[in-house]
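Summary of structural features
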Amino acid sequence: MNNVETLVKKAVTGDKKALEEVVVQIQDLIYNLAVRMLWHPDDAKDATQDILIKVITNLSSFNHKSAFTTWVYSLSTNTLINFKKKKITNSVRFNEYEIQLRQGLSESIDYTNNKAEQNLLIQEAKIGCSNGMLQCLNHESRLTYIIGEILEFNSAEGAAIFEITPENFRKRLSRSKKNLHNFLNRNCGIVNAKNPCRCRKKVDSSIKKGLILPDHLLFTTNLKNTSLIDAIEKIQNEVSLYRTNPEYNAPESLLMEVKRIITTSKNV
């Protein structure tokens, strides 16, 4: 694989093959950031396309003083905050989400007796619910938590991404971690065994409410196995709750559309 900074230099000179390779190398990291930020894969796909187009059109402004991925994440965070504001959504507050988690707990999964299918539904519940909790944080706090805690960027890198000082980034991250930690320890049975809520206990009620569609799973369709079930049993803190969520490949249709834009555009 070619060094992405080298590819960027070639792309800026008009090398469209190099530009396509840049897109290939960054599309998955952008898409996974967008899924965590926006929750729904369709929204994440739309946002990722917006971001990739901005990367392409602003590529000449990258000055190579930081890592290219840092520059991409910085552009992505700004786009995602603005993208979220454009969407017509009903944001959920922690107290509202807490009520939802405590309702409809079931000791069994009555929807199906098939163990493999049950495992997929449990994964769907775990990924959807944990990413749903992120939506309770405001836009800035959510992105800060994703960048600093889930993706493990240090304070210097996080500061560069958000264009703030390392001290301010640490303060933001500390607040985000505290808010999510307190909520999870009060409610999530994976993080705190004293809590009654478990992923498998939420499956049936989530199906009845339309939050899980067994024939159209949002978060498990890209998984090749059910290894997350084993991981769930080993989770001991909120960081593990998120880091055990799968990484996704950006939809193939997204890459094809961006390639079409590159090929047909005279300004790229």
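Cut-offs and rules
- Residues numbered from 1 in each chain as written.
- Predicted model: local features only at pLDDT ≥ 70, side-chain atom pairs only at ≥ 80, totals over all residues.
- Heavy atoms only, no water.
- Helix = DSSP H or I, 4+ residues; strand = E, 2+ residues; numbered from the N terminus.
- Contact = heavy atoms within 4.5 Å.
- Disulfide = S-S within 2.5 Å.
- Buried < 20%, exposed > 50% of the residue type's maximum accessible area, 1.4 Å probe, protein only.
- Expected span 1.5 Å × (residues − 1).
- Arc of directions from axis to C-beta.
- 1 Å grid on protein atoms, 1.4 Å probe; cavity = no way out; pocket = protein on both sides within 12 Å on 5 of 7 lines; lining within 4 Å.
- Points joined across faces, edges and corners; volume = space filled by probe spheres on them.
- Core = buried A, V, L, I, M, F, W, Y, C linked by side-chain atoms within 4.5 Å.
- Axes fitted to C-alpha atoms, helices over the stretch in contact; angles between N-to-C directions.
- Parallel < 35°, antiparallel > 145°, perpendicular 65-115°, else oblique.
- Left-handed = near helix turned anticlockwise from the far one by under 90°.
- Nonpolar A, V, L, I, M, F, W, Y, C, P; charged D, E, K, R; others polar.
- Phe/Tyr/Trp six-rings, centres within 6.5 Å; stacked < 30°, edge-to-face > 60°.

This part covers the side chain of Asn-32. Checked against the element boundaries, Asn-32 lands in helix α2 (residues 16–38). If we skip the residues at most four places from it in the chain, Asn-32 touches Pro-246, Glu-247 and Tyr-248.

For the rest of this paragraph, the subject is the state of the cysteines. As enumerated under the stated definition, the model contains zero disulfides in all. Cys-129 provides the cysteine sulfur closest to Cys-136, a residue in no disulfide bond, and the two sulfurs are 9.2 Å apart. Residue classification places Cys-136 among the buried positions, given a relative accessible area of 13%. You can see Cys-188 has no disulfide; the closest cysteine sulfur is in Cys-199, sitting 6.5 Å from it.

Across its 22 residues, helix α9 (residues 166–187) extends 31 Å between first and last C-alpha, which sits within 8% of the 32 Å expected from 1.5 Å per residue. Buried within α9 we find Phe-169, Arg-172, Leu-173, Ser-176, Leu-180, Phe-183, Leu-184 and Asn-187. What you see down the axis of α9 is that its buried residues fit within an arc of 105°, all on one side. Elements in contact with the buried residues of α9: α5 (94–101), α6 (115–134), α7 (139–150), α8 (155–162) and α12 (238–243).

Within the structure shown, the criterion is met by one cavity of 30 Å³ or more. For the largest cavity, the calculated volume is near 50 Å³. Lining the largest cavity, in full, are Asn-32, Val-35, Arg-36, Ile-127, Asn-131, Asn-245, Pro-246 and Tyr-248. Counting only elements with at least two residues in the lining of the largest cavity, the list comes to α2 and α6. With three residues, α2 is the largest single contributor of residues to the lining of the largest cavity.

In this structure, Phe-68, Leu-80, Met-133 and Tyr-242 are the most contacted members of the largest nonpolar core, which totals 79 residues. The dominant element in this core, judged by the number of residues it contributes, is α2, at twelve residues.

For any two helices packed against each other, the geometry is given by the interaxial angle and the distance between the axes. It is the contact of helix α3 (residues 41–57) with helix α13 (residues 252–264), at a shortest axis distance of 10 Å, that shows an interaxial angle of 30°. In this view, α3 runs roughly parallel relative to α13, as classed from their interaxial angle. The crossing of α3 and α13 is right-handed. Here Lys-45, Thr-48, Gln-49, Leu-52, Ile-53 and Ile-56 of α3 come into contact with α13, specifically with Ser-253, Leu-254, Glu-257, Val-258, Ile-261 and Ile-262. A per-class count over the contact of α3 with α13 returns seven nonpolar, three polar and two charged.

Moving on, we get to the packing of aromatic side chains. If you walk through the whole model with that rule in mind, you get nine aromatic pairs. Ring geometry for Phe-62 against Trp-71: centres 5.7 Å apart, planes inclined by 50°, an arrangement best described as tilted. Overall, Trp-71 belongs to the buried group, its relative accessible area being 15%. Ring centres 5.1 Å apart and planes at 75° place the aromatic pair Tyr-73 and Phe-153 in the edge-to-face group. Here Phe-153 lies in the loop between α7 and α8 and Tyr-73 lies in helix α4 (residues 68–86), a separation of 80 residues in the sequence. For the pair Tyr-73 and Phe-153, a shared accessibility class is recorded, and that class is buried.

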